Amino acid sequence: MSELPKAYEPQAVEKQWYSAWQENGCFHADTSSEKEGYSIVIPPPNVTGILHLGHVLNNTIQDILARRARQQGKEVLWLPGTDHAGIATQTKVERQLREEEGKTRRDVGRDAFLDRVWDWKEKHGGIIIQQLKRLGCSCDWDRERFTMDEDYSGWVAKVFTDLFNEGLIYRGKRMVNWCPVSLTALSDEEVIMKPQNSKLYFMKYELVDAPGEFLEISTTRPETLMGDSAVAVNPKDERFASYIGRKVRRPFPEAEIEIIADDHVDVEFGTGALKITPAHDKADFEIGQRHGLEIIDVIHADGTINCPDCPDLDGLDRFQARRKAAAKLEEMGLLIRIEEYENNVGYSERADVPIEPRISMQWFLKYPCVKEAVDAVADGEITFRPARWAKTYAHWLENIQDWCISRQLWWGHQIPVWYRKEKVDALQGAESLDVSNLEAGDIYVSAEPPSDPENWVRDEDVMDTWFSSWLWPFATMNETERGKFYPTTDLVTGPDILFFWVARMIMAGYRFEDELPFKNVFFTSLIRDSQGRKMSKSLGNSPDPIDLMDEYGADGLRFGLLRTAPVGTDVRFDEQLVAEGRNFANKLYNACRFRQMSGDAAEVSGQLPVISRLRPYHIDIATKLDHLAENLEKSYSDYRFNDVGQQLYDFLWSEFCDKFLEAVKGDLRDTASAEARETTLAVFDAVMSRYLQLLHPYMPHITEELSARMGYVQDGAFLMEKTYPSDALISGEDAAASQAEAIYATAGRMRNLKAEYNVAARKDVKFIIIKAEPWLTAETDVLGLLAGGEIEILTAYEAPKGTPAAVTDVGEVYLPLEGLIDVEAEKSRLDKEIAKVASEVTKCDAKLGNAAFVDRAPAELVDREKARRDEWSQKLGQLQEMRASLG
């Protein structure tokens, strides 16, 4: 053994052991190993990101799975990496360029701008990797990947090329979700619908053929009025039957537009007549396509108005223009009224601004292997936990839309498509080039650039970041690694990226590797604050995990968070949970230090002494350790990580420290025999050495430290590489274990008797036991130690009237009160307490007997009063029983 310092200092210990693990290659996966392979790929965090509590929860679970797999004797690959985060990273560099140099990316040019992004990435990126190491993550850092690595980029370009050649990738002018801040298209999954308190504007358009007669219409967007190509009504709406085919006058810029009939119009919305703006609404665009309407684009890419014919609106922000257009209609006498209106508005997930439906030339993907992806989850080849997410997944795949995969950015994987220079020059740019109309020799699609680049112009767009991430499970591995570790075993992620990432990875796995990419998907919980609110910087309720680790240690943070993270429900975070994790670490440390202070160890074998030397408490704790291992196996198989944490906590705190160590303290006193001391210390070591292994995935640093200091691992070995024993520590000794349980339960009842009669602190108490179990005689020393009094076993006992008693598992227990309390004073005290409690019962009865209260008060208030009445009544019964016992 190596002596433990007086106090546990987690920061120093954690740093020391993490360095040792790395230096000795403990995290490195061996592709030539004959062990069964286990693999898990990290959901790549943004290279620009920093650690938050969601990362802590997700990556701690991954680390638990990886460390446990090593304990099971498996060869483990936990593959780490980061995502280039196209929009987020480019936005930060553009902001820096604007603030420091007053320039835009186009001012410096694409190549120079990308050089700046790489410089920024090298300077600021990777912070989160160091933070994950601080958390104790046992990733194979030698295999760290980045989605812009050369090999990975080659995969992305090849996949694009293959899917284009199959006809699954195409370019077309479509209505897309446009972010006016990031200035790029977004996929449907990158748009977050938010409920809004909007306004519904009611206005009127004059009929061309009947001056002075008007058609009332309604809209939430008067700022797009300049782009109106028609007014639409439902053909089944009899109110408007006489209007169909006629024309109305658009107020500004003035124009005559037709009234058309279309089944899409909701007769219940507004007036039932809608202005149709094909360039700025998806539904309007589809109506416009059906009726051949003119597409008039009146909003610039940055969300400002594009209408030179209306100089008072041209160049205004879209929301300023909304108010201005409404005021203009009012001035013209065409605004009827404005009503409050609740609707859902799509927001850019990244920029958090309302998106703008916009017609744009973009690249799209028709998803491959959709059926295989649906069947994999439906047939149980891939298991979702919690299972309810399988239904959400299936619904999305049943209603899947083509994926807009191009982004108008520079940072990312550039589309591997080139166009003939003369074709581009003829159109003054490639932005509106219709690929479907190009001859085969006018377009070049390949992972490799053309041999005569001077004759070609490359498509400027980059691919959606998720188009690279969907290849992550296999594109991060070389052929040898895939042979050993693919498909991966587990995926731990958040349900918020079920569509962005999980579903797409499944499709990619079947398309490019012809098999599923992983077998199990565990969706983590959302972490909220103690009031149930989402964590956010604005609320100030999102603590920095690094600060928490500085205060409580990484192990304290891991254990405190995981112990309270139930499957499928949100986590209510409270810093007290982390404090409890640190306290638990201290409890464990102090238990081991107590062991060291109790005597030198013989050679630690990890086995128990011969059964004949063991007392019931030795057998009981060993049996419970075996049961713990069995129960943890069941909880792990169900991915119930909070159950695992709670069982580990209960075993150490309640079973080992509160019961076992208290029961065997007599063996460690100076008056104890050498054999008793040696036996108890050997049991301590056998149980603790295995317990530290079971705890290791949750608290890796302190368990490694204690295992080394206690001599449980030696000769430069590491606990994290030690396989958990397959044999039980003890078996077939249930009777002895039951005796220990009976002693613990009886001692608890005895302590309660003492507390009830206000003699809990007295040590001069004598308990008399009759009808005792035959084996109890040998255990009275421990029972007396635990109960805090002397034990006397009699064959018969005539208890004086009023003597407290209890029937227990070891016999009938009596607590003679002579000399311990003033009986008359105790009677008086109890009488006063009974009167006080009886008064409370009477008050509750009166309230509940009042029909007006019961009928009119809120149900929860009535229920609360009933619960109070039950509580007071129970206490009254206990007091009356105690009073009766005193005569």
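Conventions used here
Residues numbered from 1 in each chain as written. Predicted model: local features only at pLDDT ≥ 70, side-chain atom pairs only at ≥ 80, totals over all residues. Heavy atoms only, no water. Pairing = 2+ DSSP bridges. Helix = DSSP H or I, 4+ residues; strand = E, 2+ residues; numbered from the N terminus. Axes fitted to C-alpha atoms, helices over the stretch in contact; angles between N-to-C directions. Parallel < 35°, antiparallel > 145°, perpendicular 65-115°, else oblique. Contact = heavy atoms within 4.5 Å. Nonpolar A, V, L, I, M, F, W, Y, C, P; charged D, E, K, R; others polar. Salt bridge = Lys/Arg side-chain N within 4 Å of Asp/Glu carboxyl O. Buried < 20%, exposed > 50% of the residue type's maximum accessible area, 1.4 Å probe, protein only.

Draft legend 1. Structural view of the pairing of strand 8 (residues 214-219). Inspection of the sheet shows strand 7 (residues 191-207) paired to strand 8 by 6 bridges, in the antiparallel sense. Looking at strand 8, one finds that Lys-204 is bridged to Glu-216. Counting the residues between successive antiparallel strands, the hairpin from strand 7 to strand 8 contains 6 residues, one of them, Gly-212, with a positive phi of roughly 90°.

Draft legend 2. Molecular detail of the packing of helix 1 (residues 10-23) against helix 23 (residues 700-709). Remark: helix 1 packs on helix 23, axes separated minimally by 9 Å, with the N-to-C direction vectors making an angle of 85°. Judged on the interaxial angle alone, helix 23 and helix 1 are roughly perpendicular. Contact residues: helix 1 offers Val-13, Glu-14, Gln-16, Trp-17, Tyr-18 and Trp-21, while helix 23 offers Pro-700, His-701, Glu-704, Glu-705 and Ala-708. Its residues assigned to classes, the contact of helix 1 with helix 23 shows 6 nonpolar, 2 polar and 3 charged.

Draft legend 3. How the structure looks around the pattern of salt bridges. Evaluated as defined, the whole model comprises 63 salt bridges. Here Arg-116 makes a salt bridge to Glu-101, at a shortest N to O gap of 2.4 Å. With Arg-116 in helix 5 (residues 110-124) and Glu-101 in helix 3 (residues 86-101), the pair connects residues that are 15 residues apart, well separated along the chain. Residue Glu-101 is classed as partly exposed on the basis of its relative accessible area, which comes to 35%. Linked by salt bridges that have partners in common, Arg-221, Glu-223, Arg-318, Arg-322 and Glu-356 make up one network.

Draft legend 4. Spotlight on unusual backbone geometry. The omega angle of the peptide bond from Arg-385 to Pro-386 is -5°, so this bond is cis rather than trans. As for its placement among the helices and strands, Pro-386 is situated in the loop between strand 15 (383-385) and helix 11 (389-398). The peptide bond linking Tyr-486 to Pro-487 adopts the cis configuration, its omega dihedral lying at 0°. Within the secondary structure layout, Pro-487 lies in the loop between helix 15 (479-485) and strand 22 (488-493). The phi dihedral of Asp-352 is positive, around 60°, even though this residue is not glycine.

Draft legend 5. Representation of the sheet that holds strand 27 (residues 790-793). Pairing is mixed in the open sheet, where 4 strands are placed in the order 27-26-29-28. Each having just a single partner strand, strand 27 and strand 28 (805-808) make up the two edges of the open sheet. Neighbour-to-neighbour, the strand axes of this sheet turn through a mean angle of 25°, independent of strand direction. Bridge count for strand 26 (residues 766-770) against strand 29 (residues 811-814) is 3 bridges, and the pairing is antiparallel. Bridge assignment links Ile-769 to a residue of strand 29, and that residue is Val-813. Sheet strands in contact with helix 24 (residues 734-756) are strand 26, strand 27, strand 28 and strand 29, and its direction is about 170° off that of strand 28.

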